[in-house]
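# Coordinate analysis (summary)
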Amino acid sequence: MSALRALAGVAPSVALTASPAAVAAGAAVGAAARAALARLTAPATRRHSTAAGAAASNTYVATATARPASTPSPRMFSAVSNVDNIVNAKPSRSYSVVVVGGGSAGIAVASQLAKHPFFASAKKNQILVVEPSDAHYYQPLWTFVGAGLKPHSESVRPTESLIPSRADWLRDRVTGFFPDRNMVLTQNGEHVAYDFLVVAPGIQINWSAIEGLEAALGKDGVCSNYHVEHVKSTDRFLKEFNGGNAVFTQPSTPIKCAGAPQKIMYLAEEQFRQRGIRDQSNVSFYSGMGKIFSADKYAAVLRRICDERGISVNLQRNLVAVRGDKKEAVFKVGASAETETVKYDLLHVSPPMGAPAFLRNSPEGFTNADGWVN
């Protein structure tokens, strides 16, 4: 439990129910909502308010800035036909606020805005949430699902049940942004206009970036709490584990909840002790980062805990391949061409992640070089 509290940082009371990213998101999306509300009645230029996944900190960034008129980038149209029709299209619907993404951040912004008198007294709904999934997963709970402490069913609710009554839900996927026209394009061809835009689509998991991982997941001890289905395999493989090499990984890329790769490791190690197999088990942490945790204050505590529990910490090791038939994990060592091959009996993978593709392909100036909203 001390390791979990250290990972929760200044919010130990929520260590068991919310990830650091979710805690930070609550404050940031509130700032975005307040900024939008303060400017909704401002005259003249239509403006954008954005909340997007931030790269290095894995939290949410909220900004409210005027956008100059811009020409859509050619890269945005690389896979789109009838460009003239899209650029000149009239909106099929229009809202004061359009929220892209119905995850925790998007729902939080929509819910806060919906309570404001400006929206509560409107004759028709002025908030639209664009989200393709009819199921909303509370992913911080998956650490406990993987550890066998919570059923998977407790992590999911119908998306419809979470949309505020003063907001509409468009079950669709945004595929393009047109900031010069204050409009987004959806997969089903809708052109939605807005006064304010909240961008909160979450982070994309790049399973295919690790050779052999997709084929190995859910088999012979390979699992991940970041997968909606294979999180169930984590619980099963932990129960089946009777000693040997238990390897837990973290990539060098931004990820959802930077503490999650270690949380499941500490819970697993405790299970091994309770089952009396700790002496027959080697527990190892392989991270692509240069230190065990980004904040030095907590990194020191976590290092001490690993030393006390006999957990091997291996830094600047990025998982690049999984050889399921041989039960081998291949790690790239730092920036060199050198690799290290590690045998495993249990392998929990935290995969590399990044900005969603539709954000990376948005107009130049709308996102930075890594694909995150400016």
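A few points on the structure. Model, not experiment: these values are computed from the prediction. (Residues numbered from 1 in each chain as written. Predicted model: local features only at pLDDT ≥ 70, side-chain atom pairs only at ≥ 80, totals over all residues. Heavy atoms only, no water.)

## Describing the packing of helix 10 (residues 260–274) against helix 11 (residues 296–309)
The test is simple: Angular values range over 0 to 180 degrees, each being the angle between N-to-C directions of two axes fitted as lines to C-alpha atoms, with helices fitted over their stretch in contact. By the criteria applied, helices consist of DSSP H or I runs no shorter than four residues and strands consist of E runs no shorter than two, each listed in order from the N terminus. Each angle is binned into one of four classes, with values under 35 degrees roughly parallel, values over 145 roughly antiparallel, values of 65 to 115 roughly perpendicular, and all other values oblique. Here is the rule for handedness: rotate from the far helix to the near one, and if that takes an anticlockwise turn smaller than a right angle the crossing is left-handed, while a clockwise turn gives right-handed. Whether two residues touch is decided by their heavy atoms; if any such pair falls within 4.5 Å, the residues are in contact.
Taken N-terminus to C-terminus, the directions of helix 10 and helix 11 make an angle of 25 degrees; their axes are 12 Å apart at the nearest point. By the criterion of interaxial angle, the relationship of helix 10 to helix 11 is roughly parallel. Two packed elements cross with a definite hand, and for helix 10 against helix 11 that hand is left-handed. On helix 11, the residues that touch Gln262, Met265, Tyr266, Glu269 and Arg273 of helix 10 are Leu302, Ile305, Cys306, Glu308 and Arg309.

## Regarding helix 11
For clarity, the threshold we go by: Expected span of a helix: the number of residues minus one, times 1.5 Å. The cut-offs for exposure are 20% and 50% of the maximum accessible area for each residue type, with area from a 1.4 Å probe on protein chains only; residues under the lower value are buried, those over the upper are exposed, and the others partly exposed. Directions pointing from the helix axis toward each C-beta atom define the arc.
The end-to-end C-alpha distance of helix 11, which contains 14 residues, comes to 20 Å, matching closely the 20 Å that a straight helix rising 1.5 Å per residue would cover. Inspection of helix 11 places Tyr298, Ala299, Leu302, Ile305, Cys306 and Arg309 among the buried residues, and these make up the whole buried set. Within helix 11, the buried residues cover an arc of 125 degrees as seen down the axis, which keeps them to one side. Those residues of helix 11 that are exposed and angled more than 90 degrees off the buried face are Asp296, Lys297, Asp307 and Glu308. Gly310, located one to two residues past helix 11, shows a positive phi value of around 70 degrees.

## Remarks on the pairing of strand 9 (residues 183–186)
Heads up, the rule is: Strands qualify as paired when DSSP identifies two bridges or more between them.
Side chains Met183 and Leu185 of strand 9 all project onto a buried face; the interleaved residues Val184 and Thr186 project onto the opposite face, where all are buried too. Pairing geometry for strand 8 (residues 174–178) and strand 9, over four bridges, is antiparallel. Within strand 9, the position partnered with Gly176 by the bridge is Leu185. Taken together, strand 8 and the strand that follows it, strand 9, pair antiparallel across an intervening segment of four residues, in which Asn182 is found at a positive phi of about 50 degrees. The pairing of strand 9 with strand 10 (residues 191–199) spans three bridges and is classified as antiparallel. Its bridge partner being in strand 10, Val184 is matched across the sheet by Val192. A loop of four residues connects strand 9 with strand 10, the two strands running antiparallel in sequence, and Gly189 in this loop sits at a positive phi of about 90 degrees.

## Here's the deal with helix 9 (residues 231–240)
For an α-helix the count is 3.6 residues per turn, leaving residues at separations of three or four pointing the same way. Of all the residues in helix 9, the buried ones are Val231, Ser233, Thr234, Asp235, Phe237 and Leu238. Packed against the buried residues of helix 9 are helix 6 (142–146), strand 12 (222–223), helix 10 and strand 19 (346–348).

## Structural notes on the environment of Glu240
Tracing the backbone shows Glu240 in helix 9. Separated by 19 residues in sequence, Glu240 and Gly221 have C-alpha atoms that sit 8.6 Å apart.

## What about the sheet that holds strand 12?
The strand order across the open sheet built from five strands is 12-19-13-14-15, with neighbouring strands paired in parallel fashion. Each edge of the sheet is formed by a strand with only one pairing partner; in this case those strands are strand 12 and strand 15 (312–314). Of the pairings in the sheet, the one linking strand 14 (residues 281–287) to strand 15 comprises three bridges and is parallel in character. Bridge assignment links Tyr286 to a residue of strand 15, and that residue is Asn314.

## Details of the pattern of salt bridges
Keep this limit in mind: Salt bridges are defined by distance alone: a side-chain nitrogen of Lys or Arg within 4 Å of a carboxyl oxygen of Asp or Glu.
Under the definition given, this model contains 14 salt bridges. For Arg93, the salt bridge goes to Glu190, with nearest N and O atoms at 3.0 Å. Of this pair, Arg93 sits in strand 3 (residues 93–100) while Glu190 sits in the loop between strand 9 and strand 10, placing them 97 residues apart in sequence. Note that Glu328 and Arg323 form a salt bridge whose closest N and O atoms lie 3.1 Å from each other. Using a relative accessible area of 13% as the deciding quantity, one classes Glu328 as buried. A cluster of three or more residues bridged by salt bridges with shared partners is formed by Glu269, Arg273, Arg278 and Arg309.

## Comments concerning the sheet that holds strand 16 (residues 317–323)
Taking strand neighbours across the sheet as the criterion, the three strands line up as 16-17-18 in an open arrangement whose pairing is antiparallel. Each edge of the sheet is formed by a strand with only one pairing partner; in this case those strands are strand 16 and strand 18 (339–343). Here the average twist between neighbouring strands, direction ignored, is 30 degrees. Relative to strand 18, strand 17 (residues 328–333) is paired through five bridges, and the arrangement is antiparallel. Bridged to Ala329 within strand 18 is Val342.

## So, the nonpolar core
Our working rule: Residue types Ala, Val, Leu, Ile, Met, Phe, Trp, Tyr and Cys, when buried and joined through side-chain atoms within 4.5 Å, form a set referred to as a nonpolar core.
Grouped together as the largest cluster of nonpolar side chains are 29 residues, with contacts concentrated most on Phe248, Met265, Tyr266, Phe272, Ile292, Cys306 and Leu346. When contributions to this core are tallied by element, the ones reaching two or more residues are helix 9, strand 13 (244–250), helix 10, strand 14 and helix 11. Apart from the residues within four sequence positions on either side, Phe248 is in contact with Pro261, Ile264, Met265, Ala268, Val283, Ser284, Phe285, Tyr286, Leu346 and His348. Within the second largest apolar cluster, 25 residues are counted, among which are Ile210, Tyr286, Val342 and Ala355.

## A short note on unusual backbone geometry
Glycine aside, negative phi is the norm for most residues, and most peptide bonds take the trans geometry. Although it is not a glycine, Asn182 sits at a positive phi angle of roughly 50 degrees. Along the chain, Asn182 falls in the loop between strand 8 and strand 9. In this structure Asn182 comes out as buried when scored by relative accessible area, which is 6%.

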